[in-house]
Every structure is written in structure tokens, then in C-alpha cells.
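# Remarks on the overall topology
Take a look at the letters that make up each chain.
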Amino acid sequence: MSSTIDYGNLMHRAMRSLIQEVLIRVRDNGLPGAHHFFITFDTMHPDVEIADWLSDRYPGEMTVVIQHWFDNLVVTDEGFTITLNFGDNPETLYIPYDAIKTFVDPSVEFGLRFETQEDSDDAQDTDEAPMDEMVEPEDEAASETHDAEVVSLDQFRK
């Protein structure tokens, strides 16, 4: 038995469970009201499955928007599969929860950010305190296009 409680790991698991529950509700009932999601994930995570042209174009991380059009949303305990449209080019992506870096719903100013050990080391180098935290994006309307978009989350950071 461990002599300490790993709160960081427990928090990550709880936050990923929240994302899973939200996606299950969207799968079953669609996106309610103005809700939409910006999900940033690590494209180099070993279990991520995306088209080669997407991983070539976004080596490292990518942000997708789930808003107007999506299809084939399958939610599992490990991650989710979704088909998004990239400029009239539908692509199926598999994103494990462990690959997610941020999950933001700007319609209600809700967000989660997952810090990795690497991020924690970088934050310590810059005297920032590393932690899993809720991020509150600024009030900015998301794009009204029907295609999936890759966006920078810097506009939502304070």
C-alpha cells in the first residue's frame, strides 16, 4: 500500500470521467442549446488514431471543435471516436481520454486543462504552480462554420 494519496491521478480520472459522461449525453441527445466543445489533444499519443495528413499537419497537438456537424460518435471507457468534416473531407478520429490536454465549452465558460509531468516541469522552470484546473475562457463566440476547425486556445486563456 502506498504511503501517500495520489490526488493528481485521482483528479485526472474524475475529470476524464466527466468528459465521458458529457460525450455520452451528446451521443444520446445531441448538443443542447449553444453548447459546443473545443478539445485539444496530443496527436503523438500512441493510441490516437487520425488520418496521416492530419498528424503531418498537426505534429504535437490539435484542437477540434464539436459544434454543428459531427457523426458516428462512439464513447467508450478509454476514449471516443467521432467523424468530423475538414473542408468537405469527413475524417474519423479516435481520441483516448489520456490524450486530451484541454476540454472547453465556451458557451458556459467551462473548461478543464490536464497538466502532464512535462508541463509541470516547464511550469516549475517559469515559477508557475502546476495543477489541474478549471479554465474559464473569455466571452468569445466560436466560429459559425459547419466544418471541424483547429483553433488556438490562447484566445480563451486569461
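Residues numbered from 1 in each chain as written. Predicted model: local features only at pLDDT ≥ 70, side-chain atom pairs only at ≥ 80, totals over all residues. Heavy atoms only, no water.

### Overview of the packing of aromatic side chains
Heads up, the rule is: Only Phe, Tyr and Trp rings take part, Trp by its six-membered ring, and two of them pair if their centres are within 6.5 Å. Stacked means planes under 30 degrees apart, edge-to-face means over 60, and tilted covers everything else. Numbered from the N terminus, helices here are DSSP runs of H or I no shorter than four residues, and strands are runs of E no shorter than two. Each residue gets one of three labels from its accessible area relative to the maximum for its type: buried under 20%, exposed over 50%, partly exposed in between, using a 1.4 Å probe on protein chains only. By definition here, charges over rings are those cases where NZ of Lys or CZ of Arg is within 6 Å of the ring centre and within 35 degrees of the ring normal.
Evaluation of the coordinates by the stated rule reveals 3 aromatic pairs. Here the aromatic rings of Phe37 and Phe103 are separated by 5.0 Å at their centres, their planes lie at 35°, and the arrangement is tilted. On the criterion of sequence distance, the pair formed by Phe37 in strand β1 (residues 37-42) and Phe103 in strand β6 (residues 100-105) is long-range, its members being 66 residues apart. Judged by centre distance (6.0 Å) and plane angle (90°), the ring pair of Trp53 and Phe86 falls under edge-to-face. With Trp53 in helix α2 (residues 52-57) and Phe86 in the loop between β4 (79-85) and β5 (90-96), this residue pair connects regions lying 33 residues apart in the sequence. Phe86 gets classed as buried once you look at its relative accessible area, which sits at 9%. Lying over the aromatic face of Phe114, Arg16 brings its terminal NZ or CZ to 4.3 Å of the ring centre.

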